[in-house]
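Topology and contacts: notes
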There are 2 protein chains.
Amino acid sequence: MGGDFGPPSLVAGAVMALREYHHIQKLYLVGDQRQIETELAKHRCNDSRIEIVHATQVVEMSDTAWSAVRRKKHSSVSRAVDLVKHDRADAIVSAGHTGAAVAASIVKLRTLDGIDRPGIAAVLPTQFNVFVLIDAGATIDSRPEHLLQYAIMGSVYSRHVLGYKNPTVGLVSLGEEDVKGTELTKEVFKLLKRSRLNFVGNIEGRHLFEDPVEVVVCDGFVGNVILKTSESIAVAIFKWLKHELTRTKVRMAGAYVARHAFNDIKRKTNYEEYGGSPLLGVNGICIIAHGASTPLAIKNALRVAAESIEHRVNPHIVEEVRRYHETTASLEPALK
Amino acid sequence: MGGDFGPPSLVAGAVMALREYHHIQKLYLVGDQRQIETELAKHRCNDSRIEIVHATQVVEMSDTAWSAVRRKKHSSVSRAVDLVKHDRADAIVSAGHTGAAVAASIVKLRTLDGIDRPGIAAVLPTQFNVFVLIDAGATIDSRPEHLLQYAIMGSVYSRHVLGYKNPTVGLVSLGEEDVKGTELTKEVFKLLKRSRLNFVGNIEGRHLFEDPVEVVVCDGFVGNVILKTSESIAVAIFKWLKHELTRTKVRMAGAYVARHAFNDIKRKTNYEEYGGSPLLGVNGICIIAHGASTPLAIKNALRVAAESIEHRVNPHIVEEVRRYHETTASLEPALK
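Attention here is on the structure that accompanies the text. (Residues numbered from 1 in each chain as written. Chains lettered and ligands numbered in written order. Predicted model: local features only at pLDDT ≥ 70, side-chain atom pairs only at ≥ 80, totals over all residues. Heavy atoms only, no water.)

Re the relation of the copies chain B and chain A
It takes a turn of 180° to lay chain B on chain A, together with a shift of 0.0 Å along the axis; the resulting RMSD is 0.0 Å. Those values place the two copies in the arrangement expected of a two-fold rotation axis. Residue glycine 254 of chain B, judged by its C-alpha, is the member of chain B lying nearest the rotation axis, at 1.9 Å. When the interface residues of chain B are mapped onto chain A, 100% of them again fall at the interface, so both copies present the same face. (Least-squares fit on C-alpha atoms with pLDDT ≥ 70 in both. Contact = heavy atoms within 4.5 Å.)

Structure below.
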């Protein structure tokens, strides 16, 4: 029931995914049964893999995350997480209230062994590749050990899903020098330096897309700001470009001739292509789709969910955290 | 002596500014005398408005801000701030270690009455206008009252320098709803709500460039991340675009025909055009130029310095803060 465009967009995306991904065995659509049926009828879809799970409540954007979970037990997001909890589904995809999806996952699925707080791992584009930004907004008011755990989880995801062999890890700060940063980032710097991760040090926002590392670590507030700002400036630049390119007939002609170049770049910077970001650190798979999700974005979020199931990221995370505690942390009892 | 390109770029920018801005009466170049003279000779510049102030020390990027001020009393930034302190100059421009320029300004010039911490006011472009982002990186680990003071200072700057009548103020947070944010932003939200500023509520990164408010308030860490990320993604998009536009001869031809459109946009997103950002809240004028300042950026930073002198922003800030304390704060003694 979530997302800026509600059931029409979500159902349309689900139908697209079922038509394209034949390895999806079962797809639960959780929400108002009548609305879902209406939308499915529009697409003339009677795929037998669909099962509708009726939910009577909706989490509003003005609800706080924890009250949503405690008070709205029959919301679509709560019921969806229940399906994973009871092993009826392998993953959930939500385009609604991020905080509610995170809180419901924590309460019902619990965090993985050794993980205190989950983090959203957003995949962002660089010129020839992609990098992982973690935490992109799951947890606010983080402690140093949470950021260390994000670095471990981001590295595991980067290795097992994106295929980087020994992913470089950078910490978002005000400057590259070790001495720069907030109380929080200075503590995290020390933890990362002592870990066995491929930590390259502090990175500044200006290097994010130009000279990128493979895993970018920051707290959820900062990560969310990076994600949303990047998106906002990309949209703005294309809008300005369109405005400038349509100001004279000569420019319009030139732009028409070169149109494929614009389309290629637009695809690269378009969040719809990435679909959704996994919430790492919970004992289950939860994909956070963009709030303004179009059908294409939802289809791709379902693809990300399928990939996460396939790559079995969670056991690898538990193993990595265990190894960290056995090696680095055991040498420094104070860090535990 | 600061900036990624050092004296050559700084002196070249200063020479450009003197040739263009005839209302500059005096320009001190502070740093290694021999290096400065060599650079001036390259430009065949013997403008009588130039006075060289020799400085024997250089603040390194690896110095911490406070140790730089305490231990390197003969650094170029320290000597430059001294010139303002002793009324020999009206403003300083620095492209070096931001923390050192901020710390030297706080120690030598002191903060304005009613201001606890200074904030950098960066001016950023939207499609048809600009907005102020404050704090863009002067202060880290901020308290709620610091952000309230940024909002007041940003509003004053927006009104008196940029010409907005009743500037709208937004607080950077994770969502637009009042309940969303960190411990810090929730406190700031309450303070801004009770103030007489034109506060419109929380804003998300995604609205920064698309549906912008006129003053964007956040702590220095987040502001710096927004500034650097915006710059990074703009540079990256133009690089990707260039790559795509030169992949085939047809695309190259189209791009050539429409080239003026690209130049217009590039100018809009180019930090060199903005030159430098004022450090608001200190008792004097200090302009923080971009670290990677080209001569053009330095010339424009000197223009921003001249504008700041002309608009007499500081007395207006003191007046606004006084008015805040007389009205809002006096009703709520607990907020002081």
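Picking up after the structure, the text goes on.
Considering helix H9 (residues 249–257) of chain A
Residues and elements named next belong to chain A. The complete set of buried residues in H9 reads Arg251, Gly254 and Ala255. The buried residues of H9 occupy an angular sector of 100° when projected down its axis, which confines them to one face. When the buried face of H9 is taken as reference, the exposed residues oriented beyond 90 degrees from it are Lys249 and Tyr256. (Buried < 20%, exposed > 50% of the residue type's maximum accessible area, 1.4 Å probe, protein only. Helix = DSSP H or I, 4+ residues; strand = E, 2+ residues; numbered from the N terminus. Arc of directions from axis to C-beta.)

A word on helix H12 (residues 295–311) of chain B
Relative to the 24 Å expected for 17 residues at 1.5 Å per residue, H12 of chain B spans 25 Å between its end C-alpha atoms, a close match to the ideal helical length. Of all the positions in H12 of chain B, only Ala297, Ile298, Lys299, Asn300, Ala301, Leu302, Val304, Ala305, Ala306 and Ser308 of chain B are classed as buried. (Expected span 1.5 Å × (residues − 1).)

Some words on empty space enclosed by the protein
What the rule picks out here adds up to 2 cavities of 30 Å³ or more. The calculated volume of the largest cavity comes to roughly 70 Å³. Forming the walls of the largest cavity are Pro278, Leu279, Leu280, Gly284, Ile285, Cys286, Ser308, Val313 and Asn314 of chain A. Only strand S9 (276–280), strand S10 (285–289) and helix H13 (313–331) of chain A provide two or more residues apiece to the lining of the largest cavity. Along the lines of polarity and charge, the residues of the lining of the largest cavity split into 6 nonpolar, 3 polar and no charged. In this structure, the second largest cavity encloses a volume near 30 Å³. Elements with a minimum of two residues in the lining of the second largest cavity: strand S6 (168–172) and helix H7 (183–194) of chain B. Tallied by class, residues from the lining of the second largest cavity come to 6 nonpolar, 1 polar and 1 charged. (1 Å grid on protein atoms, 1.4 Å probe; cavity = no way out; pocket = protein on both sides within 12 Å on 5 of 7 lines; lining within 4 Å. Points joined across faces, edges and corners; volume = space filled by probe spheres on them. Nonpolar A, V, L, I, M, F, W, Y, C, P; charged D, E, K, R; others polar.)

What to know about the packing of helix H4 (residues 76–85) of chain A against helix H5 (residues 98–109) of chain A
All names here are of chain A. Two elements in contact, H4 and H5, have axes whose closest approach is 9 Å; the angle formed by their N-to-C orientations is 35°. Here H4 and H5 pass one another in a crossing that is right-handed. Residues Val77, Ser78, Val81, Asp82, Val84 and Lys85 of H4 lie in contact with H5, whose contacting residues are Ala100, Ala101, Ala104, Ser105, Lys108 and Leu109. For the contact of H4 with H5, the residue count by class is 7 nonpolar, 2 polar and 3 charged. (Axes fitted to C-alpha atoms, helices over the stretch in contact; angles between N-to-C directions. Left-handed = near helix turned anticlockwise from the far one by under 90°.)

Some remarks on the packing of helix H1 (residues 6–20) of chain B against H12 of chain B
All names here are of chain B. Relative orientation of the contacting elements H1 and H12 amounts to 50°, with a least axis distance of 7 Å. Comparing the axis directions of H1 and H12 gives the class oblique. When the axes of H1 and H12 are compared, the crossing they make is right-handed. Residue-level contacts link Ser9, Leu10, Ala12, Gly13, Ala14, Met16, Ala17 and Glu20 of H1 to Pro295, Leu296, Ile298, Lys299 and Leu302 of H12. A breakdown of the residues in the contact of H1 with H12 according to their chemical character gives 9 nonpolar, 2 polar and 2 charged. (Parallel < 35°, antiparallel > 145°, perpendicular 65-115°, else oblique.)

Topic: the pattern of salt bridges
All names here are of chain A. Counted under the stated rule, the structure contains 36 salt bridges over all chains. One salt bridge in this structure joins arginine 322 and glutamate 326, with 2.4 Å as the shortest N-O distance. With arginine 322 and glutamate 326 both in helix H13 and 4 residues apart, this pair spans about one turn of that helix. Each member of the salt-bridge network shares a partner with another, and the members are Arg159, Glu319, Glu320, Arg322, Arg323 and Glu326. (Salt bridge = Lys/Arg side-chain N within 4 Å of Asp/Glu carboxyl O.)

Remarks on the packing of aromatic side chains
As enumerated under the stated definition, the model contains 4 aromatic pairs over all chains in all. The interplanar angle of 65° and the centroid separation of 5.6 Å between the aromatic rings of phenylalanine 131 of chain B and phenylalanine 209 of chain B together place this pair among those described as edge-to-face. One end of the pair, phenylalanine 131 of chain B, is in strand S5 (residues 130–134); the other, phenylalanine 209 of chain B, is in the loop between strand S7 (198–203) and strand S8 (215–217), with 78 residues separating them in the sequence. Residue classification places phenylalanine 131 of chain B among the buried positions, given a relative accessible area of 1%. In this structure phenylalanine 209 of chain B comes out as buried when scored by relative accessible area, which is 3%. Directly above the aromatic system of tyrosine 256 of chain A lies the positively charged group of arginine 259 of chain A, at a separation of 4.1 Å from the ring centroid. (Phe/Tyr/Trp six-rings, centres within 6.5 Å; stacked < 30°, edge-to-face > 60°. Lys NZ or Arg CZ within 6 Å of the ring centre and 35° of its normal.)

Some thoughts on unusual backbone geometry
Cis geometry is found at the peptide bond from isoleucine 134 of chain A to aspartate 135 of chain A, where omega equals 10°. Residue position: aspartate 135 of chain A is located in the loop between strand S5 (130–134) and helix H6 (144–160). Positive phi outside glycine occurs at arginine 110 of chain A, with the angle close to 70°. Examined against the element boundaries, arginine 110 of chain A turns out to sit in the loop between H5 and strand S4 (119–125). Look at arginine 44 of chain B: it is not a glycine, yet its phi comes out positive at around 50°.

Concerning the nonpolar core
Of all hydrophobic cores here, the largest spans 115 residues; its most connected members are Leu133 and Phe262 of chain A together with Leu133 and Phe262 of chain B. What phenylalanine 262 of chain B contacts, discounting residues up to four positions off in sequence, is Leu241, Leu245 and Phe262 of chain A together with Leu241, Leu245 and Ala255 of chain B. Ile134, Leu147, Val215 and Ile298 of chain B belong to the second-largest nonpolar core, a separate cluster that totals 56 residues. (Core = buried A, V, L, I, M, F, W, Y, C linked by side-chain atoms within 4.5 Å.)

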